[in-house]
Amino acid sequence: MFKILKYSFFDLVRSRWSYVYFLFYLALASVLLFLNHDLSKAVITLMNVIIVLVPLIGTIFGVMYYYNSKEFTELLLAQPIKRSSIFLGQYFGVAVSLSLSLLLGIGIPFLLYGLFESDAIWDFSLLLLTGVFLTFIFTAIAFNISLSNENKIKGFGYAVMMWLFLAVIYDGLFLLSLVMFEDYPLDKLSLIGTMLNPVDLSRTLILLKLDISALLGYTGAVFKQFFGTNVGLFLSIGVLCIWVIVPVLRIVAKAKKKDF
Amino acid sequence: MIRIENLHKRFQKNRVLSGVNLNIRDKGIYAILGPNGSGKTTLIKSILGMVLPNMGEINVLGSNNKGDWTYREKIDYLPQIANFPSNLKVQELIHMIKDLRGASSNRDQELIELFAVESFLDKKIGNLSGGTKQKVNIILAFMFDSPILILDEPTTGLDPVSLIHLKELIQKEKAKGKTILITSHIMSFVEEVSDEIVFLLEGNIHFKGTISELKEKTKEENFEKAIAQILIRKDV
């Protein structure tokens, strides 16, 4: 698996899009710091961007990489290599290279700005951690979708719809249901609702850490009240881990049964 | 070498292979022929474990290929469409496949010279022409000395000189005592290189034997016409 990972990774690292992605974050973080002069505020703004953009890029890259390397995958399948190694290697290759673009793109400006002297370092680290989690989750989901769809256009369509649903529509529906059922106790429902969406979960996780009650919203407040800050943190990280593990296991299962 | 028993494969509603029995015991060159969609590539991919059969067994060199992957060390495969990661250079791809197979091979230099691709070694694969890609494809397939060699449409996009080299190469491999499976639509190529032909039609083997046996059976002097005869009569 590590050989495939290595080659997928280097293949991607040299592609133009990795640089575009890296430079975008570099520019974004630099501009934010330049305009804000405040690390904590920059972290909040970055969070809002990362939470929507990272899933989108993870999804698109994952689907694109899978379909583009299809013939190459066939070549690998004819070699004496285990099937699961091929797909896991490719998946980790994509996820790791995207994470690296994110980490370097945002990390470098913050480091130059003097992150280590600031007390925002933990908030910042958590932001990067969730960014990496979201990359791994959405790349894995993208691989799942493309493994299940032979048709490229269909695969792309489903993947983008999945992103749209989790990043935008889900929140709307969630809010709507909270408003409609406001006469009932909704604590548990909203907790479960948050856990079921990695985007929401990441947002809550960061806001919990940043401790900005104004932005916390209803679910965040319930979260905090229910678990307290620390338990809440560990719990949400745990759930994010599950969000990575389940799709990855499905990649392995799906790859084993597929014809090429 | 390769034994296939009662192989069935269906893609959704489309029955591609229905009960194929094939036993390849000896060394030599076997051509798998058949019209488009007769299941040639599916048969080859089943042998390689890329397509998972609905029913039936495949034994390669004495071991069942289901759920196993180590037997592929004994097979070299030339896929039909040569499309490799476009960011890699030719040299890197060759190096990578060697690394992935974990086998040492010195034959790549010889093959690179034979097909005259030295000047492309530092070029990215995405920038190569179709014919050059096919040459790289051939180099990758012939690089290792495995006892079984499977070639899916090896002649695609090759110029006449390379075609001659390819034919010589195939004969050389045969002399080494390998079992070689070839699919091709170019009948003159098949007639020239193959020892035996396996004719697939609608997911079944309709004829297996030498070319002279086929000609005798169909009472045709011309190989191409003999093949056409099977297609028309379907009962040979």
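One structure accompanies this document, and this report is about it. All figures in this text were calculated on a predicted structure; none of them were measured in a lab. Note on numbering: residues in each chain are counted from 1, in written sequence order. As they are written, the chains are lettered A onward and the ligands numbered 1 onward, keeping that order. For this predicted model, a pLDDT threshold of at least 70 governs which residues receive local features, and a threshold of 80 or more governs which side-chain atom pairs are given and counted, while totals over whole chains, interfaces and linings are taken from all residues. In computing side-chain values, all of the structure's heavy atoms are included and hydrogens and water are not.

Topic: the overall build of chain A
Okay, step 1: Assigned secondary structure in chain A consists of 10 helices and zero strands.
Okay, step 2: On C-alpha atoms alone, chain A measures out to a radius of gyration of 19 Å, which is about the 18 Å that the 2.2 N^0.38 rule sets for 260 residues.
Okay, step 3: In terms of overall dimensions, chain A has C-alpha extents of about 55 × 50 × 30 Å along its principal axes.
Okay, step 4: When accessible area is computed with a 1.4 Å probe and restricted to protein chains, residues below 20% of their type maximum are described as buried, those above 50% as exposed, and intermediate ones as partly exposed. Out of the 260 residues in chain A, the part that is buried amounts to 55%.
Okay, step 5: Accessible area for chain A stands at about 11,900 Å²; split by element, carbon and sulfur atoms hold 72% of it.
Okay, step 6: When charges are counted, Lys and Arg contribute as positive and Asp and Glu as negative, whereas His and the chain ends are disregarded. Just so you know, the charge point we use is NZ for Lys, CZ for Arg, CG for Asp and CD for Glu. Across chain A, the centroid of the 19 positively charged side chains sits 14 Å from that of the 15 negatively charged ones. Secondary structure counts use DSSP, requiring at least four H or I residues in a row for a helix and at least two E residues in a row for a strand, with both numbered from the N terminus. We compute the radius of gyration from the C-alpha atoms alone; for a globule the expected value is 2.2 Å times N to the 0.38, where N is the number of residues. Accessibility throughout is a Shrake-Rupley quantity obtained with a 1.4 Å probe, and a residue counts as covered only by protein chains that appear here.

Examining the sheet that holds strand β5 (residues 63-64) of chain B
Residues and elements named next belong to chain B.
Okay, step 1: Strand order in the open sheet formed by four strands is β2-β1-β4-β5, with antiparallel pairing between adjacent strands. The open sheet has two edge strands, β2 (14-24) and β5, and neither has a second partner.
Okay, step 2: Strand contacts of helix α1 (residues 40-48): β1 (2-11), β2 and β4 (55-60), with the helix running at about 120° to β1, the strand carrying the most contacts. Strands are labelled as partners when DSSP assigns at least two bridges between them. We call two residues contacting when some pair of their heavy atoms lies within 4.5 Å. Here an axis means a line fitted to C-alpha atoms, over the contact stretch when the element is a helix, while the angle between two N-to-C directions is reported on a 0 to 180 degree scale.

So, the sheet that holds strand β10 (residues 204-210) of chain B
All names here are of chain B.
Okay, step 1: Here we have six strands laid out as an open sheet, ordered β6-β7-β8-β3-β9-β10, and mixed in their pairing. Each edge of the open sheet carries a strand with a single partner, namely β6 (75-78) and β10. On average, each strand axis in the sheet is tilted by 15° relative to the strand beside it, whichever way the strands run.
Okay, step 2: Judged from the four bridges that link them, strand β3 (residues 28-33) and strand β9 (residues 196-201) form a sheet pairing that is parallel. Counted as the bridge partner of Tyr-30 is Glu-196 from β9.

Some remarks on the environment of Phe138(A)
All names here are of chain A.
Okay, step 1: Inspection of the secondary structure puts Phe-138 in helix α6 (residues 121-148).
Okay, step 2: For Phe-138, a relative accessible area of 0% translates into the label buried.
Okay, step 3: Through-space distance from the C-alpha of Phe-138 to that of Leu-127 is 16 Å; in sequence the pair is 11 residues apart.

Some thoughts on the pattern of salt bridges
Close approach of charged atoms lets side chains of opposite charge pair.
Residues and elements named next belong to chain B.
Okay, step 1: Whenever Lys or Arg places a side-chain nitrogen within 4 Å of a carboxyl oxygen from Asp or Glu, that contact is recorded as a salt bridge. All told, the structure shown has 23 salt bridges over all chains when counted by the stated rule.
Okay, step 2: The salt bridge partner of Arg-3 is Glu-5, with a shortest N-O separation of 2.9 Å.
Okay, step 3: Using a relative accessible area of 34% as the deciding quantity, one classes Glu-5 as partly exposed.
Okay, step 4: Asp-145 serves as the salt-bridge partner of Lys-178, at 2.9 Å between the closest nitrogen and oxygen. With Lys-178 in the loop between α5 (160-175) and β8 (179-183) and Asp-145 in the loop between α4 (130-142) and β7 (148-152), this pair connects stretches of sequence that are 33 residues apart.
Okay, step 5: When its relative accessible area of 5% is taken as the criterion, Lys-178 is described as buried.
Okay, step 6: The exposure class of Asp-145 is partly exposed, given its relative accessible area of 49%.
Okay, step 7: Where salt bridges share partners, they join Arg-107, Asp-145, Glu-173, Lys-176 and Lys-178 into one cluster.

Structural notes on unusual backbone geometry
All names here are of chain B.
Okay, step 1: Unlike most non-glycine residues, Ala-116 shows phi in positive territory, near 50°.
Okay, step 2: Looking at the element boundaries, Ala-116 is found in the loop between α3 (107-114) and α4.
Okay, step 3: On the accessibility criterion, Ala-116 (44% relative accessible area) is partly exposed.
Okay, step 4: You will see that Glu-202, though not glycine, has its phi angle at about 50°, which is positive.

Focus on the interface of chain B and chain A
Okay, step 1: Listed by partner, the interface residues are 28 residues for chain B and 24 residues for chain A.
Okay, step 2: Put simply, buried area is the surface a 1.4 Å probe can reach on two separate parts but cannot reach once they are joined, added for both. Across the chain B to chain A interface the summed buried area is about 2,500 Å²; carbon plus sulfur atoms make up 59%.
Okay, step 3: At the junction of chain B with chain A, the criterion picks out five salt bridges.
Okay, step 4: Measuring nitrogen to oxygen at the nearest pair gives 3.6 Å for the salt bridge that ties Asp99(B) to Lys6(A).
Okay, step 5: Under this definition, polar contacts are N or O atom pairs within 3.5 Å; protein pairs additionally need one hydrogen-donor-capable and one acceptor-capable atom, and for neighbouring residues in sequence, both atoms have to be side-chain atoms. Joining chain B to chain A, the criterion identifies 13 residue pairs in polar contact (both at pLDDT 80 or more).
Okay, step 6: Those elements that provide at least two residues to the side of chain B that touches chain A are β1, α1 and α2 (90-101) of chain B.
Okay, step 7: When grouped by side-chain class, the residues that make up the side of chain B that touches chain A number 17 nonpolar, four polar and seven charged. Only Asp, Glu, Lys and Arg are considered charged in this grouping, and only Ala, Val, Leu, Ile, Met, Phe, Trp, Tyr, Cys and Pro are considered nonpolar; every other residue, Gly among them, is considered polar.

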